[in-house]
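So the chains spell out like this:
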Amino acid sequence: MNQTFRPRIAASACPHDCPSTCALEVEVFGGRKIGRVRGAEDNAYTAGVICAKVARYAERVHHPDRLTQPLRRVGGKGSGQFTPISWDDALDIVAGEFVRAEQAHGSEAVWPYYYAGTMGFVMRDGINRLRHAKKYSGFFSTICVNPAWTGFIAGTGKLAGSDPREMAKSDLVVIWGTNAVNTQINVMTHATRARKERAAKLVVVDVYMNSTMQQADLPVLIRPGTDGALACAVMHCLFRDGKADWDYLDRYTDAPRELAEHLRTRDPAWAARITGCPIETIEAFARLVGERKRAYFRLGYGFSRSRNGAANMHAASCIAAVTGAWLNEGGGAFHHNDAIFHLDKTVIEGKDVRDPQIRMLDQSRIGAILTGDKAALRGGPPVTALLIQNTNPLSVAPDQETVKRGFARDDLFVCVHEQFMTDTAQVADVILPATMFVEHDDFYLAGGSQYILLGPKLIEPAGECRSNHEVICALAQRLGAEHPGFTMTPRQLIDRTLQDSGWGTLAALEANRWIDCQPDFATAHYLNGFGYADGKFRFKPQWPEVPFGRAHGTIEAAMPQLPDHWDVIEEADVEHPFRLATSPSRGFLNSTFTETPTSLAKERRPEVMIHPDDAAPLAVATGDLVALGNRRGTVRLHARLFEGVRRGVLIAESVWPNKAYADGRGINTLTGADAIAPFGGAAFHDNKVWLRKAA
Ligand code: SF4
């Protein structure tokens, strides 16, 4: 009997939108059930540690509310009234609607819309194969990485940096713009090791005293969108105090003397006025950076959420070049390792049949696109049919009221392939039940470290759930779309992509569980030159020419020539005296995990943190229902008084489902969808709002 219930331990990888992409060990009971999930001890980055929400993943896989059969809407749009149908009927309806849309307006009227609900390449990116084969509208992903990636690449010339495991060998770890305790716990593993083994100092820069900042030796609390000013003041001090490494600057950087001259006026007093951070804290930060050559700057996605985010990321990344920290093991800067993997996804994405004339539509502008904004539609036809996989735009996209208006259109057909009844599934015409990562084969890349990992199918799908790949191939067959990828299995696609990319075979990956793609020290630290043709780090980037591979058009803006505070954020004004950031919660990951009991119990309810001195004149106390508003809409949620924010700053940890708010309006009612320079993005932490006690 005991033999029967003893689980086997299977290797896997976390599929979620988290830079760590942990190597997992999953308890598997028979062919249908998983138990505990643990981090692989022998993976040098995961090092046996994973977050609590994935450790209890069985809650998600075996959740009673999972979607397990195809559904067709029978009530009005958004009524939540659906009836079960067969897979054949569901796929026939979807294919029929796509054909109808194409016949009425051309192929670009169909928009396959997806994102990072799974980061597996087969299941996430296969939708592009259908899009290319059918010439459907293209999808320009902007909602997350663009400003941050562009800002980092602006300096280094490519998206890669010092080995993240080197944090453990640092004398100073600077965690800037990422609440790692909430969003990528493994950063803390390596930072903590440095503190224990080397007495390293930990500096955390963020916009509230979050779980990560609470562990810092030096917390640097700034107003949202003012990182550029802080970075400039730190560099001012380094030049002023003789801590700049001029040998390094002359050899490896483009305009060091111009930078030093430019920074003369950007002193800590100037930065204190902008950031709200005391002069003494800025001086202390600069002293640590100047004294500790092994300084590792771990720069996160917080930068991406401001209108000046690219400039801020670039400014922060410049500090390591001023001190020459790149020369040392345990020194340098890191954001993401995208450039080291050189994956060739032609067969998965059907890039070989892509028509470059087909328009690319901006993911973050979905509200404007669905409500017929001509510029957002790029002068083309309306979108009248959507296929949505791995994302929940009605909850996570900015400018939510406009998004809702778009989805309410009677002439819009929406198919949502999902795991749960999300806000977006609620407004679908057809819902298809989707597998989870342990129910299908896929492979993953750990951009926050350096691994390619396999996540094999471990158990049978729940109910009638089908994988993204199965759905895409079934639709392709009905729509007459042709590409070899439609007849390959996920395992064949993985094997082919690995081989096309020069990373061996699936069999080898399966045997070894992961591939360590870390380049050698000199390459990772740019000792042979940075990514530009002249090998120089750019203090003075040509913004429109930054080699950001995902660019699909440049947003015109007078970006700063040298690191600076770029004053384009949504500043508070008389009518909107607060600035709101919608920071990530610990229990959720975007809108995922908002259904698991332990996450819900931990997060309790949507709240907004407000400084007690701001709350007092408004007669607001912890637990009061308050309304936040701006020209985009109004949201009601509960207040929590919190001293760990600057005056005038509000923090609402997210992303809760819309129904969790008093009026069914989610936090993204307040966020803007205007595109961020230079290559798009969404400014989720950059919102001016008013706050009132609600009735
Ligand atoms: S820390 Fe990130 S990658 Fe690791 S298990 Fe949690 S969500 Fe997944």
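Residues numbered from 1 in each chain as written. Predicted model: local features only at pLDDT ≥ 70, side-chain atom pairs only at ≥ 80, totals over all residues. Heavy atoms only, no water.

Trainee: Explain the overall build of the protein here, please?
Mentor: The helix and strand tally for the protein stands at 26 helices and 25 strands. Along the three orthogonal principal directions, the C-alpha set of the protein runs to about 70 × 60 × 60 Å. Every one of the 695 residues in the protein was classed for burial, and the buried ones make up 65%. Relative to all contacts within the protein whose residues are 6 or more apart in sequence, the contacts with residues 24 or more apart total 76%. (Helix = DSSP H or I, 4+ residues; strand = E, 2+ residues; numbered from the N terminus. Buried < 20%, exposed > 50% of the residue type's maximum accessible area, 1.4 Å probe, protein only. Contact = heavy atoms within 4.5 Å.)

Trainee: Just to check I follow, could you spell out the sheet that holds strand β18 (residues 451-455) for this structure?
Mentor: The 3 strands are arranged β17-β18-β19 in an open sheet whose pairing can be described as antiparallel. Where the open sheet ends on each side, the last strands, each with one partner, are β17 (442-445) and β19 (514-516). The average undirected angle you get between the axes of adjacent strands in this sheet is 10°. Of the strand pairs in this sheet, β18 and β19 are connected by 3 bridges, and their pairing is antiparallel. From the neighbouring strand, Leu-453 faces β19, where its bridge partner is Trp-514. Across the face of the sheet, helix α22 (residues 490-500) comes into contact with β17, β18 and β19 while running at roughly 35° to β17. (Pairing = 2+ DSSP bridges. Axes fitted to C-alpha atoms, helices over the stretch in contact; angles between N-to-C directions.)

Trainee: I'm lost on the sheet that holds strand β14 (residues 385-389) in this one. Help?
Mentor: By definition, the strands of a sheet pair up through backbone hydrogen bonds, in either a parallel or an antiparallel sense. Reading across from one edge, β5-β4-β16-β15-β14-β6 is the order of the 6 strands in this open sheet, with mixed pairing throughout. The open sheet has two free edges, formed respectively by β5 (82-84) and β6 (110-114), since each of these has just one partner strand. On average, each strand axis in the sheet is tilted by 20° relative to the strand beside it, whichever way the strands run. With 2 bridges joining them, strand β4 (residues 71-73) and strand β16 (residues 430-433) adopt antiparallel strand pairing. Bridge pairing links Arg-72 to Val-430 in β16. Against the sheet, helix α4 (residues 87-105) touches β4, β6, β14, β15 (413-418) and β16, its axis set at about 130° to β16. Relative to the sheet, helix α6 (residues 127-134) contacts β6 and β14, its axis offset from that of β6 by approximately 165°.

Trainee: Sorry if this is basic, but what is going on with the side chain of Gln-389 here?
Mentor: You can see Gln-389 is positioned in strand β14. In contact with Gln-389, not counting residues within four places along its chain, are Tyr-113, Tyr-114, Tyr-115, Met-123, Ile-127, His-417, Asn-468, Val-471 and Ile-472.

Trainee: Would you mind going over unusual backbone geometry with me for this structure?
Mentor: The phi angle of most residues is negative, glycine excepted, and most peptide bonds adopt the trans form. With omega at 10°, the peptide bond leading from Ser-654 into Val-655 counts as cis. Mapped onto the secondary structure, Val-655 falls in the loop between β24 (649-651) and β25 (687-693). The step from Ala-677 to Pro-678 runs through a cis peptide bond, and the omega angle for that step is 0°. The backbone of His-342 shows a phi angle near 35°, a positive value even though the residue is not glycine.

Trainee: Please clarify how the side chain of Thr-594 should be interpreted in this entry.
Mentor: You can see Thr-594 is positioned in the loop between β20 (578-581) and α25 (597-603). Relative accessible area serves as the criterion here: at 12%, Thr-594 is assigned to the buried category. A polar contact is formed between the side chain of Thr-594 and the backbone oxygen of Ser-591, at a distance of 2.9 Å. Not counting residues up to four positions away in its chain, the partners in contact with Thr-594 are Phe-588, Leu-600, Val-655 and Pro-657. (Polar contact = N/O pair within 3.5 Å; in protein donor to acceptor, adjacent residues only side chain to side chain.)

Trainee: So what exactly am I meant to see when it comes to the packing of helix α10 (residues 227-240) against helix α15 (residues 309-323) here?
Mentor: When two helices pack together, their arrangement is captured by the angle between the axes and the distance separating the axes. Axis separation between α10 and α15 bottoms out at 7 Å; the angle between their running directions is 15°. Taken together, the axis directions place α10 and α15 in an arrangement best described as roughly parallel. As for how α10 packs across α15, the hand of that crossing is left-handed. In this structure, α10 uses Asp-227, Gly-228, Ala-231, Val-234, Met-235, Leu-238 and Phe-239 to contact α15, whose residues at the interface are Asn-312, Ala-315, Ala-316, Cys-318, Ile-319, Val-322 and Thr-323. Residue composition of the contact of α10 with α15, by class: 10 nonpolar, 3 polar and 1 charged. (Parallel < 35°, antiparallel > 145°, perpendicular 65-115°, else oblique. Left-handed = near helix turned anticlockwise from the far one by under 90°. Nonpolar A, V, L, I, M, F, W, Y, C, P; charged D, E, K, R; others polar.)

Trainee: How should I be thinking about α6 in this particular structure?
Mentor: Helical periodicity: at 3.6 residues per turn, an α-helix aligns residues three or four positions apart in one direction. Counting buried residues in α6 gives 7 out of 8 residues, a clear majority hidden from the surface. Residues Ile-127, Asn-128, Arg-129, Leu-130, Arg-131, His-132 and Lys-134 constitute the buried set of α6. The positive-phi residue at the C-terminal boundary of α6 is Lys-135, with phi of around 60°.

Trainee: I tried to follow the packing of aromatic side chains on my own but got confused; where do I start?
Mentor: By convention here, two paired aromatic rings are described through the distance between centres and the angle between planes. This structure, assessed with the given rule, holds 23 aromatic pairs. On the basis of an interplanar angle of 90° and a centroid distance of 6.4 Å, the ring pair of Tyr-252 and Phe-530 is categorised as edge-to-face. With a gap of 278 residues between them, Tyr-252 in helix α11 (residues 246-252) and Phe-530 in the loop between α24 (521-524) and β20 connect regions that are remote in the sequence. With a centroid separation of 4.5 Å and an interplanar angle of 20°, the aromatic rings of Tyr-526 and Phe-530 are classed as stacked. The exposure class of Tyr-526 is buried, given its relative accessible area of 2%. Geometry around Phe-29 places Lys-33 over its ring, the cationic atom sitting 5.8 Å from the centre. (Phe/Tyr/Trp six-rings, centres within 6.5 Å; stacked < 30°, edge-to-face > 60°. Lys NZ or Arg CZ within 6 Å of the ring centre and 35° of its normal.)

Trainee: Please clarify how the pattern of salt bridges should be interpreted in this entry.
Mentor: Where charged atoms from two side chains of opposite charge approach closely, those side chains can pair. All chains considered together, the criterion is met by 47 salt bridges. Asp-125 serves as the salt-bridge partner of Lys-345, at 2.8 Å between the closest nitrogen and oxygen. Here Lys-345 is found in the loop between β12 (332-334) and α16 (346-349), whereas its partner Asp-125 is found in helix α5 (residues 121-125), with 220 residues between them in sequence. By relative accessible area, Lys-345 is classed as buried at 13%. Take Asp-125: its relative accessible area is 2%, and that puts it in the buried class. The salt bridge involving Lys-169 is made with Glu-329; its shortest N-O contact spans 3.1 Å. In this pair, Lys-169 sits in the loop between α7 (146-156) and β8 (172-176) while Glu-329 sits in the loop between α15 and β12, placing the two residues 160 residues apart along the sequence. (Salt bridge = Lys/Arg side-chain N within 4 Å of Asp/Glu carboxyl O.)

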